[in-house]
Amino acid sequence: ETGVTQSPTHLIKTRGQQVTLRCSSQSGHNTVSWYQQALGQGPQFIFQYYREEENGRGNFPPRFSGLQFPNYSSELNVNALELDDSALYLCASSLASSYNEQFFGPGTRLTVL
Amino acid sequence: QKEVEQDPGPLSVPEGAIVSLNCTYSNSAFQYFMWYRQYSRKGPELLMYTYSSGNKEDGRFTAQVDKSSKYISLFIRDSQPSDSATYLCAMSTLSNDYKLSFGAGTTVTVRA
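These remarks concern the structure in this document. (Residues numbered from 1 in each chain as written. Chains lettered and ligands numbered in written order. Predicted model: local features only at pLDDT ≥ 70, side-chain atom pairs only at ≥ 80, totals over all residues. Heavy atoms only, no water.)

Residues and elements named next belong to chain A. Here Asn30 shows up in the loop between β3 (19-24) and β4 (31-37). Each C-alpha atom of the pair Asn30 and Ser98 lies 11 Å from the other, and the pair is 68 residues apart in sequence. Look past the residues within four positions of Asn30 in its chain and what remains in contact with it is Tyr49, Tyr50, Arg51, Gln68, Tyr72, Ser94, Leu95 and Ala96. There is a polar contact of 3.1 Å between the side chain of Asn30 and the side chain of Thr31. (Helix = DSSP H or I, 4+ residues; strand = E, 2+ residues; numbered from the N terminus. Contact = heavy atoms within 4.5 Å. Polar contact = N/O pair within 3.5 Å; in protein donor to acceptor, adjacent residues only side chain to side chain.)

See the structure below:
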C-alpha cells in the first residue's frame, strides 16, 4: 500500500510570488484535504476535494485554491504570497465513506521571504 | 476561545512511565475523536480513532472520550524514547464540513 506523498519537500519563495504544491493520495483513497500548520500550532483546515470538486473550505482567502485530478492526486495553489503563509502544508487522503479517518503526507515546508 | 484546547507542555517523563495527554473542546457537535503523533519535521500519523464516548485500547495506547465533560484523553503505557514526539488531538462532526479541528499539540520527551 502506497502512502500519501507530497512534493516538493521544501520551497522558498518571495512575497507576492505564486506557488503550487502537489499531493498523491494513498492508494484507493478518493478524497484529499489540505491543511496549513504554522510552527508550534496544530494543522488548520484549508479545503477538501472529492470527485474533482471542492467539498468544504476553512477560513482561508480565495488566493488559496486547489485542484483534484481523475487519479485523485491534488494541487494546492497559493497566489500573492504573504510572509504569514510560511508554514508546513499537509495533504491528507481518506475514503469518502470514512472521511474522518485521514492519513497525512510528510508535508511541504514553505518559507516566504 | 479556541474550539479545541490542548496543553502544549512540554512533558518530560522517564522511560517506562505512563504518559497522560488530554484535550478539551467547546463544540458539542463533535462526534469523532482522533489522536495523531507527529515527529519533528514529519506529517501527523494517525494513532487512535474513536466515535462518540467510551474507551478504546490499542497495544500500549488507550483513548478515552467523555462527551459530557467535553474532554478526551490519551494514555501511553510503558513509554519508550521512541514515543518522544508531538501528540495532536483532532475532532470532527457528523455534518458535511469534513474538516478535522486540531489542538495545538503536546510535545512529549521520554528520557532513557
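Further notes follow.
This brings us to the packing of aromatic side chains. Applying the stated criterion across every chain, the model contains twelve aromatic pairs over all chains. Their ring planes at 90° and their centres at 5.3 Å tell us that A:Phe104 and B:Tyr36 sit as a pair that is edge-to-face. Linking A:Phe104 in strand β10 (residues 103-104) with B:Tyr36 in strand β4 (residues 30-38), this pair reaches from one chain into another. Taking the relative accessible area as the measure of exposure, A:Phe104 reaches 11% and is therefore buried. Measuring from ring centre to ring centre gives 5.4 Å for B:Tyr25 and B:Phe33, while their planes differ by 45°; the resulting arrangement is tilted. Each member of the pair, B:Tyr25 as well as B:Phe33, is classed as buried. An aromatic cluster is defined as three or more aromatic residues linked by ring pairs; in this entry it consists of A:Tyr35, A:Phe45, A:Phe104, B:Tyr36 and B:Phe102. (Phe/Tyr/Trp six-rings, centres within 6.5 Å; stacked < 30°, edge-to-face > 60°. Buried < 20%, exposed > 50% of the residue type's maximum accessible area, 1.4 Å probe, protein only.)

In this section: the interface of chain A and chain B. Interface extent is often summarised as the accessible area lost during association of the parts. Between chain A and chain B, the contact holds 20 residues from the first and 24 residues from the second. If you sort the residues of chain A by the area they bury against chain B, A:Tyr99, A:Asn100 and A:Phe104 come out on top, with a joint share of 32%. Viewed at the interface, chain B and chain A are joined by zero salt bridges. Summed over the shared surface of chain A and chain B, the result is three residue pairs in polar contact (both at pLDDT 80 or more). Those elements that provide at least two residues to the side of chain A that touches chain B are β4, β5 (44-50), β9 (87-94) and β10 of chain A. In terms of residue class, the side of chain A that touches chain B is built from nine nonpolar, nine polar and two charged. (Buried area = accessible area lost by both parts, 1.4 Å probe. Salt bridge = Lys/Arg side-chain N within 4 Å of Asp/Glu carboxyl O. Nonpolar A, V, L, I, M, F, W, Y, C, P; charged D, E, K, R; others polar.)

Here the focus is the sheet that holds strand β8 (residues 71-76) of chain B. Residues and elements named next belong to chain B. Overall, antiparallel pairing links the five strands, which are arranged β1-β3-β8-β7-β6 in an open sheet. Each end of this open sheet is capped by a strand with a single partner; those strands are β1 (4-6) and β6 (54-58). Taken pair by pair, the neighbouring strands of this sheet meet at an average axis angle of 15°, ignoring direction. The pairing of β1 with strand β3 (residues 19-25) spans three bridges and is classified as antiparallel. Within β3, the residue paired with Glu5 across the bridge is Thr24. (Pairing = 2+ DSSP bridges. Axes fitted to C-alpha atoms, helices over the stretch in contact; angles between N-to-C directions.)

These figures come from the coordinates and say nothing about function on their own.
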